[in-house]
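Topology and contacts: notes
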Amino acid sequence: MRLWFKEANMRIYDIIAKKRDGLELTEEEIKFFITELTNGNIADYQASALLMAIYIRGMNIKEISCLTKEMAHSGDISDLSKINGIKVDKHSTGGVGDKTTLIISPLVAAFGVPVAKMAGRGLGHTGGTIDKLESIEGFNTAISQEEFVNNVNTINVSVVSQTGNLVPADKKLYALRDVTATVESIPLIAASVMSKKIAGGADAIVLDVKCGSGAFMKTLGTATELANTMVQIGKEVNKRTVALITNMNEPLGCNVGNALEVREAVETLKGHGPKDLEDICIELATQMLCLAGKGTEEELRVQVKEKIASGEALNKFREFVEAQGGKSDFVDNLELLPKAEYIVKITSDEEGYVKAIDTEEIGEALVIMGGGRNKKEDKIDYSVGIIVNKKVGDFVSVGDEIAEIHINNSEKIAEITQKIQKAYYYSKEIVQNSDIVYSIIKE
Ligand code: URA
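In this report, we go over the structure that sits alongside the text. (Residues numbered from 1 in each chain as written. Predicted model: local features only at pLDDT ≥ 70, side-chain atom pairs only at ≥ 80, totals over all residues. Heavy atoms only, no water.)

1. Side note on the overall build of the chain
If you tally the helices and strands in the chain, you get 16 helices and 15 strands. For the chain, whose C-alpha radius of gyration is 22 Å, the value lies close to the compact-globule estimate of 22 Å for 443 residues. Each principal axis of the C-alpha distribution contributes one length, and for the chain these read about 65 × 50 × 40 Å. Per-residue burial over the chain gives 57% buried out of 443 residues. Considering only intrachain contacts with a sequence separation of at least 6, the fraction spanning at least 24 residues in the chain is 78%. About 18,500 Å² of surface is accessible on the chain, with carbon and sulfur atoms providing 48% of the total. The centroid of the 51 positive side-chain charges in the chain is displaced by 4 Å from the centroid of its 65 negative side-chain charges. (Helix = DSSP H or I, 4+ residues; strand = E, 2+ residues; numbered from the N terminus. Rg over C-alpha atoms; globule rule 2.2 N^0.38 Å. Buried < 20%, exposed > 50% of the residue type's maximum accessible area, 1.4 Å probe, protein only. Contact = heavy atoms within 4.5 Å. Areas by Shrake-Rupley, 256 points an atom, 1.4 Å probe, with all protein chains shown as cover. Lys, Arg positive; Asp, Glu negative; His and termini not counted. Charge placed at Lys NZ, Arg CZ, Asp CG, Glu CD.)

2. A look at helix H8 (residues 168-179)
Compared with the 16 Å implied by 1.5 Å per residue over twelve residues, the 18 Å span of H8 between its first and last C-alpha is a close match. Of all the residues in H8, the buried ones are Pro168, Ala169, Asp170, Leu173, Leu176 and Arg177. For H8, the secondary structure elements touched by its buried residues are helix H2 (27-38), helix H3 (44-57), helix H4 (61-72) and helix H9 (186-199). Once H8 finishes, alanine 181 follows within two positions and takes phi at roughly 55 degrees, a positive value. (Expected span 1.5 Å × (residues − 1).)

3. Observations concerning unusual backbone geometry
Although it is not a glycine, asparagine 156 adopts a positive phi angle of roughly 75 degrees. Mapped onto the fold, asparagine 156 is located in the loop between helix H7 (145-155) and strand E5 (157-161). The phi dihedral of asparagine 238 is positive, around 65 degrees, even though this residue is not glycine. The exposure class of asparagine 238 is exposed, given its relative accessible area of 71%.

4. A word on the site of the ligand
Every residue lining the ligand is accounted for by His91, Thr93, Tyr174, Arg177, Ile189, Ser192, Val193, Lys196 and Phe216. One of the side-chain N or O atoms of arginine 177 is found 2.9 Å from an oxygen atom in the ligand. Within the side chain of serine 192, an N or O atom sits 2.7 Å from a nitrogen atom of the ligand. When residues of the shell around the ligand are traced back to their parent elements, those giving at least two are H8 and H9. Looking at the shell around the ligand, the element that brings in the most residues is H9, giving four residues. Taken together, the residues of the shell around the ligand break down into four nonpolar, three polar and two charged. (Near = heavy atom within 4 Å. Polar contact = N/O pair within 3.5 Å; in protein donor to acceptor, adjacent residues only side chain to side chain. Nonpolar A, V, L, I, M, F, W, Y, C, P; charged D, E, K, R; others polar.)

5. Let's talk about the pairing of strand E3 (residues 88-92)
In terms of burial, E3 is a largely internal element, five of the five residues being buried. Alternating residues of E3 divide into Val88, Lys90 and Ser92 and Asp89 and His91, and every residue in both groups is buried. Of the strand pairs in this sheet, E3 and strand E6 (residues 204-211) are connected by five bridges, and their pairing is parallel. Within E6, the position partnered with lysine 90 by the bridge is valine 206. (Pairing = 2+ DSSP bridges.)

6. Description of the sheet that holds E6
One open sheet accounts for four strands, arranged E3-E6-E7-E15; its pairing is mixed. The strands lining the two open edges of the sheet, one partner per strand, are E3 and strand E15 (437-441). Each adjacent strand pair in this sheet contributes to an overall mean axis angle of 15 degrees, direction not counted. Where strand E7 (residues 240-247) meets E15, four bridges bridge the pair, whose relative direction is antiparallel. By the bridge assignment, leucine 244 is partnered in E15 with isoleucine 440. (Axes fitted to C-alpha atoms, helices over the stretch in contact; angles between N-to-C directions.)

7. With respect to the sheet that holds strand E9 (residues 342-347)
Sheet architecture is open: four strands sit in the order E8-E11-E13-E9, paired in antiparallel fashion. Both outer strands of the open sheet, strand E8 (255-256) and E9, are each paired with one neighbouring strand and no more. Here four bridges tie strand E11 (residues 385-388) to strand E13 (residues 401-407), and the two strands are oriented antiparallel to one another. From the neighbouring strand, valine 388 faces E13, where its bridge partner is alanine 403. Packed onto the sheet, helix H16 (residues 413-423) meets E9, E11 and E13 and runs at close to 145 degrees relative to E13.

Structure representation (C-alpha coordinates):
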(Lines give C-alpha, C1' and ligand atoms only; values in the text may rest on other atoms or scores of the structure.)
Protein backbone atom coordinates (compact mmCIF):
# COMPACT_ATOMS: atom_id res chain seq x y z
CA MET A 1 0.00 0.00 0.00
CA ARG A 2 1.32 3.47 -0.86
CA LEU A 3 -0.39 6.05 1.34
CA TRP A 4 -1.16 9.16 -0.65
CA PHE A 5 -2.13 12.43 1.04
CA LYS A 6 -3.66 14.68 -1.57
CA GLU A 7 -3.74 17.87 0.52
CA ALA A 8 -0.06 17.76 1.32
CA ASN A 9 0.79 16.32 -2.07
CA MET A 10 3.17 14.00 -0.29
CA ARG A 11 3.52 10.28 0.11
CA ILE A 12 5.17 8.53 3.03
CA TYR A 13 6.52 6.07 0.45
CA ASP A 14 8.60 8.82 -1.18
CA ILE A 15 9.91 10.05 2.17
CA ILE A 16 11.04 6.52 3.07
CA ALA A 17 12.73 6.14 -0.34
CA LYS A 18 14.47 9.50 0.02
CA LYS A 19 15.97 8.66 3.41
CA ARG A 20 16.78 5.11 2.25
CA ASP A 21 18.93 6.76 -0.45
CA GLY A 22 20.70 8.93 2.12
CA LEU A 23 19.13 12.27 1.16
CA GLU A 24 18.20 15.14 3.49
CA LEU A 25 14.51 15.40 4.39
CA THR A 26 12.85 18.81 4.16
CA GLU A 27 11.02 20.46 7.06
CA GLU A 28 7.73 19.84 5.27
CA GLU A 29 8.47 16.14 4.92
CA ILE A 30 9.39 15.76 8.59
CA LYS A 31 6.32 17.74 9.65
CA PHE A 32 4.15 15.60 7.39
CA PHE A 33 5.58 12.38 8.88
CA ILE A 34 5.05 13.42 12.51
CA THR A 35 1.59 14.94 11.95
CA GLU A 36 0.26 11.97 10.02
CA LEU A 37 1.87 9.49 12.42
CA THR A 38 0.24 11.24 15.41
CA ASN A 39 -3.12 11.25 13.63
CA GLY A 40 -2.87 7.52 13.02
CA ASN A 41 -2.56 7.83 9.24
CA ILE A 42 0.73 6.04 8.81
CA ALA A 43 0.96 2.26 8.99
CA ASP A 44 3.39 0.83 11.56
CA TYR A 45 5.36 -0.94 8.82
CA GLN A 46 5.94 2.31 6.94
CA ALA A 47 6.90 4.27 10.08
CA SER A 48 9.25 1.39 10.99
CA ALA A 49 10.82 1.44 7.53
CA LEU A 50 11.52 5.15 7.87
CA LEU A 51 12.98 4.62 11.35
CA MET A 52 15.33 1.98 9.97
CA ALA A 53 16.33 4.29 7.11
CA ILE A 54 17.09 7.04 9.67
CA TYR A 55 19.00 4.52 11.82
CA ILE A 56 21.21 3.52 8.89
CA ARG A 57 21.53 6.82 7.00
CA GLY A 58 21.41 9.23 9.93
CA MET A 59 20.19 12.83 9.92
CA ASN A 60 21.98 16.15 9.93
CA ILE A 61 21.48 18.64 12.77
CA LYS A 62 18.88 20.62 10.77
CA GLU A 63 16.77 17.50 10.27
CA ILE A 64 17.19 16.41 13.93
CA SER A 65 16.16 19.85 15.25
CA CYS A 66 13.13 19.86 13.00
CA LEU A 67 12.16 16.32 14.05
CA THR A 68 12.53 17.33 17.72
CA LYS A 69 10.33 20.42 17.39
CA GLU A 70 7.63 18.56 15.47
CA MET A 71 7.62 15.76 18.04
CA ALA A 72 7.52 18.24 20.95
CA HIS A 73 4.45 19.91 19.44
CA SER A 74 2.67 16.65 18.57
CA GLY A 75 0.70 16.97 21.85
CA ASP A 76 0.35 19.27 24.86
CA ILE A 77 3.11 21.58 26.07
CA SER A 78 3.25 21.79 29.85
CA ASP A 79 2.68 25.32 31.11
CA LEU A 80 4.98 26.08 34.05
CA SER A 81 4.53 29.85 33.78
CA LYS A 82 2.79 29.97 37.19
CA ILE A 83 5.97 28.69 38.82
CA ASN A 84 8.35 31.46 39.84
CA GLY A 85 12.03 31.33 38.90
CA ILE A 86 14.16 29.50 36.37
CA LYS A 87 13.00 25.90 36.01
CA VAL A 88 15.89 23.54 35.26
CA ASP A 89 15.05 19.95 34.36
CA LYS A 90 17.33 16.91 34.39
CA HIS A 91 17.11 13.84 32.19
CA SER A 92 19.07 10.61 32.10
CA THR A 93 19.31 8.45 28.99
CA GLY A 94 18.59 5.44 31.19
CA GLY A 95 20.59 3.42 33.64
CA VAL A 96 20.43 0.74 36.31
CA GLY A 97 20.45 1.87 39.93
CA ASP A 98 19.94 5.49 38.85
CA LYS A 99 18.24 7.14 41.80
CA THR A 100 19.75 10.59 41.21
CA THR A 101 16.39 12.39 40.83
CA LEU A 102 15.47 11.40 44.40
CA ILE A 103 18.63 13.05 45.68
CA ILE A 104 19.14 16.09 43.48
CA SER A 105 15.52 17.27 43.49
CA PRO A 106 15.50 18.16 47.21
CA LEU A 107 19.19 19.14 47.04
CA VAL A 108 18.58 21.76 44.33
CA ALA A 109 15.31 22.85 45.96
CA ALA A 110 17.22 23.52 49.19
CA PHE A 111 18.89 26.42 47.31
CA GLY A 112 15.48 27.96 46.57
CA VAL A 113 15.60 26.86 42.94
CA PRO A 114 12.28 25.40 41.66
CA VAL A 115 12.30 21.71 40.72
CA ALA A 116 9.08 20.91 38.85
CA LYS A 117 9.61 17.44 37.50
CA MET A 118 7.54 15.05 35.46
CA ALA A 119 9.03 11.57 35.65
CA GLY A 120 8.33 8.16 34.20
CA ARG A 121 7.92 4.56 35.31
CA GLY A 122 10.44 1.82 34.62
CA LEU A 123 10.15 -0.41 31.59
CA GLY A 124 12.44 -3.28 30.67
CA HIS A 125 15.80 -3.40 32.42
CA THR A 126 15.92 0.29 33.47
CA GLY A 127 13.99 1.63 36.46
CA GLY A 128 11.78 4.71 36.78
CA THR A 129 11.66 7.47 39.40
CA ILE A 130 7.90 7.21 39.85
CA ASP A 131 8.06 3.54 40.91
CA LYS A 132 10.82 4.38 43.39
CA LEU A 133 8.78 7.20 44.94
CA GLU A 134 5.69 5.00 45.12
CA SER A 135 7.58 2.54 47.31
CA ILE A 136 7.25 5.21 50.03
CA GLU A 137 4.04 4.64 51.99
CA GLY A 138 1.34 7.14 51.01
CA PHE A 139 3.42 8.99 48.39
CA ASN A 140 1.10 10.31 45.68
CA THR A 141 2.68 10.87 42.27
CA ALA A 142 -0.65 11.77 40.66
CA ILE A 143 -1.45 15.07 42.42
CA SER A 144 -3.39 17.72 40.46
CA GLN A 145 -1.62 20.33 38.33
CA GLU A 146 -2.76 22.96 40.84
CA GLU A 147 -1.19 21.11 43.76
CA PHE A 148 1.97 20.49 41.73
CA VAL A 149 2.38 24.21 41.01
CA ASN A 150 1.49 25.11 44.59
CA ASN A 151 4.04 22.67 46.03
CA VAL A 152 6.81 24.03 43.83
CA ASN A 153 5.92 27.61 44.72
CA THR A 154 5.89 26.85 48.45
CA ILE A 155 8.61 24.23 49.04
CA ASN A 156 10.42 24.44 45.64
CA VAL A 157 9.99 20.80 44.72
CA SER A 158 7.44 18.39 43.32
CA VAL A 159 7.78 15.24 41.22
CA VAL A 160 4.75 13.82 39.44
CA SER A 161 4.06 11.13 36.89
CA GLN A 162 3.61 12.20 33.30
CA THR A 163 -0.01 12.99 32.54
CA GLY A 164 -1.87 14.54 29.68
CA ASN A 165 -1.00 14.07 26.09
CA LEU A 166 2.71 14.90 26.21
CA VAL A 167 4.67 14.00 23.04
CA PRO A 168 2.32 11.31 21.65
CA ALA A 169 4.61 10.98 18.61
CA ASP A 170 7.43 9.77 20.89
CA LYS A 171 5.17 7.15 22.49
CA LYS A 172 4.38 5.70 19.06
CA LEU A 173 7.90 5.94 17.74
CA TYR A 174 9.49 4.52 20.89
CA ALA A 175 7.14 1.51 20.85
CA LEU A 176 8.12 0.81 17.22
CA ARG A 177 11.85 1.39 17.83
CA ASP A 178 11.75 -1.02 20.75
CA VAL A 179 10.65 -3.90 18.51
CA THR A 180 12.51 -3.00 15.30
CA ALA A 181 16.09 -2.71 16.63
CA THR A 182 16.18 1.05 16.04
CA VAL A 183 16.54 2.38 19.58
CA GLU A 184 20.30 2.98 19.46
CA SER A 185 20.24 5.80 16.91
CA ILE A 186 21.70 9.20 17.79
CA PRO A 187 19.13 11.29 15.84
CA LEU A 188 16.24 9.25 17.24
CA ILE A 189 17.44 9.28 20.87
CA ALA A 190 18.28 13.01 20.70
CA ALA A 191 14.85 13.89 19.27
CA SER A 192 13.07 11.60 21.75
CA VAL A 193 14.81 13.06 24.82
CA MET A 194 14.77 16.71 23.77
CA SER A 195 11.14 16.70 22.54
CA LYS A 196 10.06 15.49 26.00
CA LYS A 197 12.11 18.14 27.76
CA ILE A 198 10.69 20.89 25.52
CA ALA A 199 7.12 19.67 26.06
CA GLY A 200 7.82 19.43 29.82
CA GLY A 201 8.17 23.22 29.89
CA ALA A 202 11.64 23.61 31.48
CA ASP A 203 13.69 26.76 30.87
CA ALA A 204 17.05 24.95 30.90
CA ILE A 205 18.14 21.32 30.78
CA VAL A 206 20.87 19.13 32.33
CA LEU A 207 21.36 15.80 30.58
CA ASP A 208 23.02 12.70 31.96
CA VAL A 209 24.24 10.75 28.94
CA LYS A 210 25.14 7.25 30.10
CA CYS A 211 28.08 5.54 28.44
CA GLY A 212 29.17 1.91 28.74
CA SER A 213 28.00 -1.69 28.66
CA GLY A 214 24.63 -0.92 30.26
CA ALA A 215 23.84 2.13 28.14
CA PHE A 216 22.54 2.73 24.62
CA MET A 217 25.85 4.45 23.86
CA LYS A 218 28.62 1.91 24.45
CA THR A 219 31.63 4.12 23.61
CA LEU A 220 32.84 7.55 24.63
CA GLY A 221 32.81 8.58 20.96
CA THR A 222 29.12 7.84 20.39
CA ALA A 223 28.09 9.20 23.81
CA THR A 224 29.93 12.46 23.02
CA GLU A 225 28.22 12.69 19.64
CA LEU A 226 24.81 12.20 21.27
CA ALA A 227 25.61 14.79 23.95
CA ASN A 228 26.81 17.34 21.36
CA THR A 229 23.68 16.78 19.27
CA MET A 230 21.35 17.40 22.21
CA VAL A 231 23.27 20.50 23.33
CA GLN A 232 22.95 21.89 19.78
CA ILE A 233 19.20 21.18 19.73
CA GLY A 234 18.93 23.04 23.04
CA LYS A 235 20.62 26.03 21.42
CA GLU A 236 18.20 25.89 18.46
CA VAL A 237 15.17 25.95 20.75
CA ASN A 238 16.58 28.56 23.11
CA LYS A 239 16.91 26.34 26.15
CA ARG A 240 20.38 26.30 27.66
CA THR A 241 21.51 22.69 27.80
CA VAL A 242 24.47 21.03 29.49
CA ALA A 243 25.27 17.33 29.07
CA LEU A 244 27.31 15.15 31.42
CA ILE A 245 28.78 11.97 29.99
CA THR A 246 28.82 9.39 32.76
CA ASN A 247 30.04 5.84 33.36
CA MET A 248 27.48 3.02 33.04
CA ASN A 249 29.83 0.02 33.13
CA GLU A 250 28.29 -0.98 36.45
CA PRO A 251 25.11 -0.06 38.35
CA LEU A 252 25.08 3.43 39.85
CA GLY A 253 25.67 3.13 43.60
CA CYS A 254 25.10 -0.31 45.12
CA ASN A 255 21.34 -0.73 45.44
CA VAL A 256 19.05 -1.75 42.57
CA GLY A 257 15.31 -2.10 43.20
CA ASN A 258 12.71 0.45 44.24
CA ALA A 259 12.68 0.52 48.07
CA LEU A 260 16.40 -0.35 48.21
CA GLU A 261 17.13 2.66 45.97
CA VAL A 262 15.07 4.96 48.20
CA ARG A 263 17.14 3.69 51.13
CA GLU A 264 20.40 4.48 49.31
CA ALA A 265 19.11 7.91 48.26
CA VAL A 266 18.37 8.76 51.91
CA GLU A 267 21.80 7.48 52.96
CA THR A 268 23.38 9.73 50.32
CA LEU A 269 21.38 12.72 51.54
CA LYS A 270 22.66 11.90 55.03
CA GLY A 271 26.21 12.12 53.66
CA HIS A 272 27.13 8.46 53.59
CA GLY A 273 26.19 7.29 50.12
CA PRO A 274 28.51 5.38 47.77
CA LYS A 275 31.16 7.60 46.17
CA ASP A 276 30.04 7.24 42.53
CA LEU A 277 26.46 8.15 43.42
CA GLU A 278 27.49 11.07 45.58
CA ASP A 279 29.90 12.40 42.92
CA ILE A 280 27.35 12.28 40.10
CA CYS A 281 24.68 13.96 42.25
CA ILE A 282 27.07 16.76 43.26
CA GLU A 283 27.91 17.40 39.60
CA LEU A 284 24.31 17.22 38.34
CA ALA A 285 23.10 19.55 41.11
CA THR A 286 26.02 21.94 40.47
CA GLN A 287 25.19 22.16 36.76
CA MET A 288 21.47 22.67 37.46
CA LEU A 289 22.19 25.47 39.94
CA CYS A 290 24.67 27.05 37.55
CA LEU A 291 22.02 27.17 34.79
CA ALA A 292 19.63 28.70 37.34
CA GLY A 293 22.14 31.51 37.82
CA LYS A 294 23.11 30.67 41.40
CA GLY A 295 26.87 31.12 41.02
CA THR A 296 29.99 29.67 39.46
CA GLU A 297 30.60 25.94 39.21
CA GLU A 298 33.50 26.14 41.69
CA GLU A 299 31.43 27.95 44.34
CA LEU A 300 28.40 25.77 43.82
CA ARG A 301 30.27 22.47 44.10
CA VAL A 302 31.36 23.50 47.60
CA GLN A 303 27.89 24.78 48.54
CA VAL A 304 26.19 21.59 47.32
CA LYS A 305 28.41 19.51 49.61
CA GLU A 306 27.59 21.89 52.48
CA LYS A 307 23.84 21.49 51.89
CA ILE A 308 24.26 17.74 52.35
CA ALA A 309 26.56 18.05 55.37
CA SER A 310 24.23 20.53 57.13
CA GLY A 311 21.18 18.25 56.75
CA GLU A 312 19.26 20.90 54.78
CA ALA A 313 18.92 18.67 51.73
CA LEU A 314 17.62 15.81 53.88
CA ASN A 315 15.10 18.12 55.56
CA LYS A 316 13.92 19.26 52.14
CA PHE A 317 13.48 15.59 51.19
CA ARG A 318 11.24 15.10 54.26
CA GLU A 319 9.16 18.15 53.32
CA PHE A 320 8.89 16.89 49.73
CA VAL A 321 7.65 13.45 50.84
CA GLU A 322 5.10 14.91 53.24
CA ALA A 323 3.81 17.48 50.74
CA GLN A 324 2.87 14.60 48.44
CA GLY A 325 1.09 12.62 51.14
CA GLY A 326 3.98 10.30 52.05
CA LYS A 327 5.03 9.25 55.55
CA SER A 328 8.53 10.54 56.19
CA ASP A 329 9.29 8.64 59.41
CA PHE A 330 11.24 6.05 57.37
CA VAL A 331 13.95 8.69 56.86
CA ASP A 332 15.02 8.16 60.49
CA ASN A 333 14.21 4.45 60.49
CA LEU A 334 14.98 2.87 57.12
CA GLU A 335 13.62 -0.47 58.38
CA LEU A 336 10.14 0.97 57.77
CA LEU A 337 10.62 0.72 53.99
CA PRO A 338 9.10 -2.34 52.25
CA LYS A 339 11.23 -5.43 52.97
CA ALA A 340 11.53 -8.73 51.10
CA GLU A 341 11.08 -12.08 52.82
CA TYR A 342 14.45 -13.61 51.89
CA ILE A 343 17.90 -12.05 51.81
CA VAL A 344 20.38 -14.30 50.02
CA LYS A 345 24.12 -13.74 49.77
CA ILE A 346 25.70 -14.39 46.36
CA THR A 347 29.32 -15.48 46.23
CA SER A 348 31.88 -15.33 43.46
CA ASP A 349 32.74 -18.44 41.46
CA GLU A 350 35.90 -16.80 40.08
CA GLU A 351 38.94 -14.90 41.32
CA GLY A 352 40.19 -11.57 40.02
CA TYR A 353 39.61 -7.84 39.84
CA VAL A 354 36.07 -6.86 38.87
CA LYS A 355 36.37 -5.46 35.32
CA ALA A 356 32.71 -4.69 34.60
CA ILE A 357 29.24 -5.56 35.83
CA ASP A 358 26.67 -6.15 33.10
CA THR A 359 23.95 -3.75 34.17
CA GLU A 360 21.45 -5.13 31.69
CA GLU A 361 21.77 -8.54 33.36
CA ILE A 362 21.25 -6.94 36.80
CA GLY A 363 18.24 -4.98 35.53
CA GLU A 364 16.74 -8.13 34.04
CA ALA A 365 17.27 -10.01 37.31
CA LEU A 366 15.23 -7.30 39.04
CA VAL A 367 12.41 -7.71 36.51
CA ILE A 368 12.38 -11.50 37.04
CA MET A 369 12.11 -10.96 40.81
CA GLY A 370 9.08 -8.73 40.20
CA GLY A 371 10.79 -5.38 40.81
CA GLY A 372 10.38 -4.15 37.21
CA ARG A 373 8.01 -4.52 34.30
CA ASN A 374 7.95 -6.31 30.99
CA LYS A 375 4.63 -4.73 30.05
CA LYS A 376 3.23 -1.32 30.96
CA GLU A 377 0.38 -2.91 32.94
CA ASP A 378 2.61 -5.13 35.15
CA LYS A 379 2.35 -4.52 38.92
CA ILE A 380 5.66 -4.28 40.72
CA ASP A 381 7.02 -5.53 44.00
CA TYR A 382 8.78 -2.58 45.68
CA SER A 383 10.59 -4.67 48.26
CA VAL A 384 12.79 -6.81 45.99
CA GLY A 385 16.21 -5.95 44.61
CA ILE A 386 19.93 -6.48 44.47
CA ILE A 387 22.72 -4.96 46.52
CA VAL A 388 25.98 -4.99 44.61
CA ASN A 389 28.72 -5.32 47.24
CA LYS A 390 31.69 -5.57 44.89
CA LYS A 391 32.18 -2.89 42.28
CA VAL A 392 34.58 -2.34 39.38
CA GLY A 393 38.21 -2.36 40.62
CA ASP A 394 37.54 -4.53 43.72
CA PHE A 395 39.53 -7.76 44.16
CA VAL A 396 37.45 -10.88 44.71
CA SER A 397 38.47 -14.44 45.73
CA VAL A 398 36.37 -17.52 44.99
CA GLY A 399 33.62 -17.72 47.61
CA ASP A 400 33.68 -14.00 48.50
CA GLU A 401 30.33 -12.31 48.72
CA ILE A 402 29.72 -10.12 45.67
CA ALA A 403 26.06 -9.25 46.04
CA GLU A 404 22.92 -9.78 48.06
CA ILE A 405 19.46 -10.41 46.68
CA HIS A 406 16.24 -9.38 48.38
CA ILE A 407 13.55 -11.69 47.05
CA ASN A 408 10.04 -12.95 47.85
CA ASN A 409 9.78 -15.90 45.46
CA SER A 410 12.13 -18.59 46.79
CA GLU A 411 11.77 -20.67 43.62
CA LYS A 412 13.64 -18.02 41.66
CA ILE A 413 16.70 -17.87 43.93
CA ALA A 414 18.83 -20.30 41.86
CA GLU A 415 18.05 -18.54 38.57
CA ILE A 416 18.80 -15.08 39.99
CA THR A 417 22.01 -16.28 41.65
CA GLN A 418 23.28 -17.54 38.30
CA LYS A 419 22.30 -14.34 36.55
CA ILE A 420 24.15 -12.16 39.05
CA GLN A 421 27.26 -14.35 38.89
CA LYS A 422 27.14 -14.14 35.08
CA ALA A 423 26.92 -10.34 35.25
CA TYR A 424 30.39 -10.07 36.84
CA TYR A 425 33.46 -9.92 34.58
CA TYR A 426 36.91 -10.38 36.11
CA SER A 427 40.47 -9.62 35.11
CA LYS A 428 43.75 -11.01 36.40
CA GLU A 429 45.26 -7.50 36.05
CA ILE A 430 44.53 -4.62 38.41
CA VAL A 431 41.52 -2.63 37.16
CA GLN A 432 41.40 1.11 37.80
CA ASN A 433 37.92 2.38 38.50
CA SER A 434 37.38 5.49 36.40
CA ASP A 435 35.62 8.63 37.58
CA ILE A 436 31.84 8.56 37.27
CA VAL A 437 31.72 11.79 35.22
CA TYR A 438 33.80 11.46 32.05
CA SER A 439 33.17 14.93 30.63
CA ILE A 440 30.79 17.87 30.55
CA ILE A 441 29.55 19.28 27.23
CA LYS A 442 28.25 22.84 26.97
CA GLU A 443 27.34 25.21 24.14
N1 URA B 1 15.57 7.83 26.56
C2 URA B 1 14.56 8.42 25.88
O3 URA B 1 13.77 9.17 26.47
N4 URA B 1 14.44 8.17 24.57
C5 URA B 1 15.28 7.37 23.89
O6 URA B 1 15.13 7.20 22.70
C7 URA B 1 16.31 6.73 24.62
C8 URA B 1 16.43 6.99 25.96
